[in-house]
Amino acid sequence: NKIYFTPSAYHKFQKIFEPTSPPLLKRIETITDLIAGTINIKAHIGPVIPFLTDIEKIFNLLPKQLKEVELEVYNFKIGSPDKILELTSKYFGKELAGKIKETYQKEENYKIYTKELIQNVLNLNIKHNFKINFIIPEFNSWYNKNIQYE
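Residues numbered from 1 in each chain as written. Predicted model: local features only at pLDDT ≥ 70, side-chain atom pairs only at ≥ 80, totals over all residues. Heavy atoms only, no water.

1. Remarks on the overall build of the chain
Piece 1. A count of helices and strands for the chain gives six helices and five strands.
Piece 2. Along the chain direction, N to C, the helices and strands of the chain fall in the order β-α-α-β-α-β-α-α-α-β-β.
Piece 3. The burial tally for the chain puts 45% of its 150 residues in the buried class.
Piece 4. Pairs at least 24 residues apart make up 71% of the contacts formed inside the chain by residues separated by at least 6 positions.
Piece 5. Surface exposure of the chain reaches about 8,900 Å², of which carbon and sulfur atoms provide 51%. (Helix = DSSP H or I, 4+ residues; strand = E, 2+ residues; numbered from the N terminus. Buried < 20%, exposed > 50% of the residue type's maximum accessible area, 1.4 Å probe, protein only. Contact = heavy atoms within 4.5 Å. Areas by Shrake-Rupley, 256 points an atom, 1.4 Å probe, with all protein chains shown as cover.)

Okay, structure coming up:
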């Protein structure tokens with residue numbers, strides 16, 4: 001079983017990008033309740049949006065009994081990049097929106113970001129010991145059979 005939730009520990013993020021969804025803490029509470037009921041859960045954190053997703057804060061909120069976490073990097077090709085950039089610029093600043101856009105403009109930038117993301121998550125995970133899976137779409141492409149699962 002998987003529990004999916006958009007990965008931001010910022011109340012402001014949730015109100016802007018997913019206003020009809022339950023707050024993050026309510027989702028964490030649900031995961032805790034399901035685990036207590038002996039239901040095997042995998043938390044799916046996605047889409048991971050560069051520089052907006054606070055993975056450390058989310059990891060610190062996840063119950064220690066959780067065994068597996070999956071992180072899915074935002075796919076700029078199939079999502080709503082213009083809307084994300086517009087809302088980021090409006091609510092979090094033009095500089096942050098520019099950094100996100102820059103990440104997806106060049107393959108080299110995207111590869112640097114995803115490599116650093118993986119390393120940062122693995123370092124964070126030393127404290128938590130989750131089984132980690134990464135879903136990293138190829139640069140500037142639609143999802144396909146060759147998607148990189150790590």
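Now that the structure is up, let's keep going.
2. Here we look at unusual backbone geometry
Piece 1. For the bond running from G46 to P47, omega is 0°, close enough to zero to count as cis.
Piece 2. Checked against the element boundaries, P47 lands in strand β2 (residues 42-48).
Piece 3. Non-glycine residue F51 carries a positive phi angle of around 70°.
Piece 4. Here F51 lies in the loop between β2 and α3 (55-61).

3. Here's the deal with the pairing of strand β3 (residues 68-73)
Piece 1. Counting buried positions over the six residues of β3 gives six, a clear majority of the element.
Piece 2. Across the two faces of β3 the burial is the same, with E68, E70 and E72 and V69, L71 and V73 all buried.
Piece 3. Bridging between β2 and β3 involves five bridges; their strand directions are parallel. Bridged to V48 within β3 is V73.
Piece 4. Handedness of the crossover joining β2 and β3 through α3: right-handed. (Pairing = 2+ DSSP bridges. Right-handed = clockwise from strand over helix to strand, strands pointing away.)

4. Quick word on helix α2 (residues 24-36)
Piece 1. Here α2 contains 13 residues, and its C-alpha end-to-end distance of 18 Å stays within 8% of the 18 Å for a straight helix at 1.5 Å per residue.
Piece 2. Residues of α2 that are buried include every one of L24, R27, I28, I31 and I35, and no others. Looking down the long axis of α2, one finds its buried residues gathered within 100° of arc, a one-sided arrangement. Exposed and oriented more than 90 degrees from the buried face of α2 are L25 and A36.
Piece 3. Residue T38 follows α2 closely and has a positive phi angle near 60°. (Expected span 1.5 Å × (residues − 1). Arc of directions from axis to C-beta.)

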